[in-house]
Amino acid sequence: MQRRPKLTLIPTKNPSEASLSFLDLLVYSLERMRNGKSGRTPAGMPRDRYFAIVLFIVVWLTATPFALRQKAAGTGDGLNPILQYISTGWDTLTRSMSNCDSVVDPKLAEASILYVPAHSPVPDVLRQLQKHCKVEVRELPVSITGPGQVTTNITPPGLLYLENSYVVPGGRFNEMYGWDSYFIVRGLVEDKRIALARGMIENFFYEIEHYGTVLNANRTYFLTRSQPPFLTSMILAVYEAEKATGKDDRDLLEKGYQYASKDYEMWNRDPHQAGETGLSRYYDFGNGPAPESLKDETNFYRKVTGFFLLHEAGRNYISVLDATRGEPDAGKAYAVAVCDIANTMAQPDCEPTRKVSLVTDYYKGDRAMRESGFDISFRFGPYGAATHHYAPVCLNSLLYKTEKDLQKISEILNRKEDTRRWQERAQQRQERIQKYLWNAQRGMFFDYNLDTASRSTYDYITTFYPLWAGLATQEQAEAVRRNLEVFERPGGLAMSDRDNAVQWDYPYGWAPTQLLAIEGLRRYGYNKDADRVSYEFLSTVAENFRRDGTIREKYNVATRSSEAHVAAGYQQNVVGFGWTNGAFLALLHALPPEMVRKLAAEQTIRAD
């Protein structure tokens, strides 16, 4: 359970008003007014009215995030600069279809195209956009009712229309991303930006209705895949935040229930079924190289080919081309020659050059890895090549959470038969996760390899997902907690304990997995561990913010640095950053008050 700091009205014994903060003075004045000891009311104002005004101001201040009041608490600037950065960052990172800059894709060189659903009227706002921004608005070639209907690239690629404004991860992005948005929504809720969060959820409903599923992001080249399912978690986060203010929004639950139930089914039928396990897997309906990788990840597939040629684990992903089949089935061909090492000025001798390519199954795995959100890791084999051959801990934990959320929503909506059905589904998945993914000897949850019918041995931070979802037993949670040392570093939790020079492995730590792991620990009562790890990560983010004034998408938790040295794949460390901002606020809000004060004091002292 989260411990939220509260403002308590404590009688004060005649303090020096010069030494009081504004908030302290209000509390002191309110206390004296309540006890009938103050005659200092504005001329002509009744005491009761003055009391009501002061009470309103105190309540308003109490409603703001606790850490925002650090300056009033006497810690100097403390956390105020980073919290101000986050607060103003929501606007900086907000995109809208009425804004010319929002429809440009900086990752591609093509002209800006904005696509609307087939046979849909073009909204007036897009007519103005087309007129003033030199943006072309087109209809999609077909109506889309489910994922995978569009399996080839739409040319030219473009942005997919969404009705509401949304927050993007960082400055170089203009798309609303699937799983990023959950952590962004969490931050928006903490910062009382409920309307913006609600609009993003409505955008996901629009995606399900018009584009077939919650998309990786609203780009045409993402019409073939989704991302980790957090939709019900977003719905409940906004619903519960609004309910806490007295608004019981059943309309959100009704609409959310319909769309989330539909989207859930995608994960529970072929090709997303994980063999005979009854569990689910990641799967992209597209073929060949992922379009965004060709722009974002310079020479990535060439580097992968070189690695596979030199490592036995990757040989099955290499196809040797010959005279009868000179062109690859997918992707590029690469030249390979074996030559002597030149020890003189003479030209070294070489064997005849051969052409090789990556096989189609590799590209399927690469695309599925991108649907997982963990691009790139070696967790599902080198460069994630076998992702679609695994039943993953993360996906199935999130689907269990979805089932429990839909059970809760149907209960609120008094759908008794649906409540029973979701409860049964959740119980079945929990039993299957226990059977296939739990390793009692290691005390961790592992992904299940469908080809070898065995659990992986790759230690990965997703072992904490079953704790966050609440499907682990107390004994399993204790075993996972004892394995914290596998992942814990000075700056938080590393993704794994293996350094493969890619961004979703050691030594990198990411805000979303920090939040899920820490909240998982809290769920089972391990608050001391949760507080410690949370402080490690929060202080890393704050320390780097002091240095360069930015928040990044990932951190090196071994060195507590934002420097990223990724050898292959996506190599930037983008400034922004949506999910780090959101996780920072959520983690800070759950931290005990004394640790928040310590963190704030540390920023002030070190800044001096």
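Shown above is the structure to which this text applies.
Residues numbered from 1 in each chain as written. Predicted model: local features only at pLDDT ≥ 70, side-chain atom pairs only at ≥ 80, totals over all residues. Heavy atoms only, no water.

**Q** Give a detailed account of the overall build of the protein, specifying residues and quantitative values.
**A** Along the backbone of the protein there are 20 helices and 17 strands. For the protein, with 608 residues in total, the buried portion stands at 59%. A sequence separation of at least 24 residues applies to 70% of the contacts in the protein between residues at least 6 apart. By element, 50% of the accessible surface of the protein is carried by carbon and sulfur atoms, the whole surface being about 25,900 Å². (Helix = DSSP H or I, 4+ residues; strand = E, 2+ residues; numbered from the N terminus. Buried < 20%, exposed > 50% of the residue type's maximum accessible area, 1.4 Å probe, protein only. Contact = heavy atoms within 4.5 Å. Areas by Shrake-Rupley, 256 points an atom, 1.4 Å probe, with all protein chains shown as cover.)

**Q** Give a detailed account of the pattern of salt bridges, specifying residues and quantitative values.
**A** Summed over the entire model, instances satisfying the criterion amount to 34 salt bridges. Note that Arg-442 and Asp-459 form a salt bridge whose closest N and O atoms lie 2.7 Å from each other. With Arg-442 in the loop between strand E10 (438-439) and strand E11 (444-445) and Asp-459 in the loop between strand E13 (454-455) and helix H14 (465-469), this pair connects stretches of sequence that are 17 residues apart. A relative accessible area of 7% places Asp-459 in the buried class. Overlapping salt bridges, with partners in common, bring together Glu-478, Arg-481, Arg-482, Glu-488, Asp-529 and Arg-532 in one network. (Salt bridge = Lys/Arg side-chain N within 4 Å of Asp/Glu carboxyl O.)

**Q** Go over helix H7 (residues 231-244) with me, naming the residues and quoting the values.
**A** An α-helix turns once per 3.6 residues; consequently, residues spaced three or four apart project the same way. Its 14 residues give H7 an end-to-end C-alpha distance of 20 Å, which sits within 8% of 20 Å, the value for a rise of 1.5 Å per residue. Of the residues making up H7, those classed as buried are Leu-231, Thr-232, Ser-233, Met-234, Ile-235, Leu-236, Ala-237, Val-238, Tyr-239, Ala-241 and Glu-242. The inward-facing, buried residues of H7 abut helix H5 (180-190), helix H6 (194-211), helix H8 (250-266), helix H12 (393-412) and H14. Once H7 ends, the next one or two residues include Gly-246, with phi positive near 100 degrees. (Expected span 1.5 Å × (residues − 1).)

**Q** Talk me through the state of the cysteines; I want residue IDs and the actual numbers.
**A** Taken as a whole, this structure holds two disulfides when the rule is applied. Note on cysteine connectivity: Cys-100 is disulfide-linked to Cys-133, with sulfurs 1.8 Å apart. Because the sign of the S-S torsion sets the handedness, a value of about -55 degrees for the bond joining Cys-100 and Cys-133 places this disulfide among the left-handed ones. Residue Cys-100 is located in the loop between strand E1 (94-95) and strand E2 (113-116), and its partner Cys-133 is located in the loop between helix H4 (124-132) and strand E3 (136-139); the two are separated by 33 residues in the primary sequence. You can call Cys-100 partly exposed: its relative accessible area is 31%. (Disulfide = S-S within 2.5 Å.)

**Q** Please set out the packing of helix H17 (residues 511-523) against helix H19 (residues 578-590) residue by residue, giving values where relevant.
**A** Here H17 crosses H19 at 25 degrees, and the two axes come no closer than 9 Å. Taken as axis vectors, H17 and H19 run roughly parallel relative to one another. Remark: the crossing between H17 and H19 carries left-handed chirality. Across the interface between the two elements, Ala-511, Pro-512, Leu-515, Ile-518 and Arg-522 from H17 touch Trp-579, Thr-580, Ala-583, Ala-586, Leu-587 and Ala-590 from H19. Of the residues assigned to the contact of H17 with H19, the class counts are nine nonpolar, one polar and one charged. (Axes fitted to C-alpha atoms, helices over the stretch in contact; angles between N-to-C directions. Parallel < 35°, antiparallel > 145°, perpendicular 65-115°, else oblique. Left-handed = near helix turned anticlockwise from the far one by under 90°. Nonpolar A, V, L, I, M, F, W, Y, C, P; charged D, E, K, R; others polar.)

**Q** Provide a residue-level description of empty space enclosed by the protein, including the pertinent values.
**A** Applying the stated criterion across every chain yields a total of seven cavities of 30 Å³ or more. Its boundaries defined by the atoms lining it, the largest cavity holds a volume of some 380 Å³. Phe-173, Tyr-177, Gln-227, Asp-375 and Tyr-570 are, among the 24 residues lining the largest cavity, the residues nearest its centre. Tallied by class, the residues present in the lining of the largest cavity amount to 10 nonpolar, four polar and 10 charged. Within this model, the second largest cavity holds a volume of roughly 70 Å³. In terms of lining, the second largest cavity is formed by Pro-229, Phe-230, Leu-231, Thr-232, Ala-260, Asp-263, Tyr-264, Trp-267, Leu-399 and Thr-402. Secondary structure elements with two or more residues in the lining of the second largest cavity: H7, H8 and H12. No other element matches H8, which puts three residues into the lining of the second largest cavity. (1 Å grid on protein atoms, 1.4 Å probe; cavity = no way out; pocket = protein on both sides within 12 Å on 5 of 7 lines; lining within 4 Å. Points joined across faces, edges and corners; volume = space filled by probe spheres on them.)

**Q** Explain unusual backbone geometry residue by residue, including any values.
**A** Note: most peptide bonds trans; most residues except glycine with negative phi. With an omega dihedral of -10 degrees, the bond running from Thr-155 to Pro-156 counts as a cis peptide bond. Tracing the backbone through its elements, the reader meets Pro-156 in the loop between E3 and strand E4 (159-160). Cis geometry marks the peptide bond from Gly-576 to Phe-577, where omega comes out at -25 degrees. Look at His-119: it is not a glycine, yet its phi comes out positive at around 65 degrees. Of note, His-119 is situated in the loop between E2 and H4.

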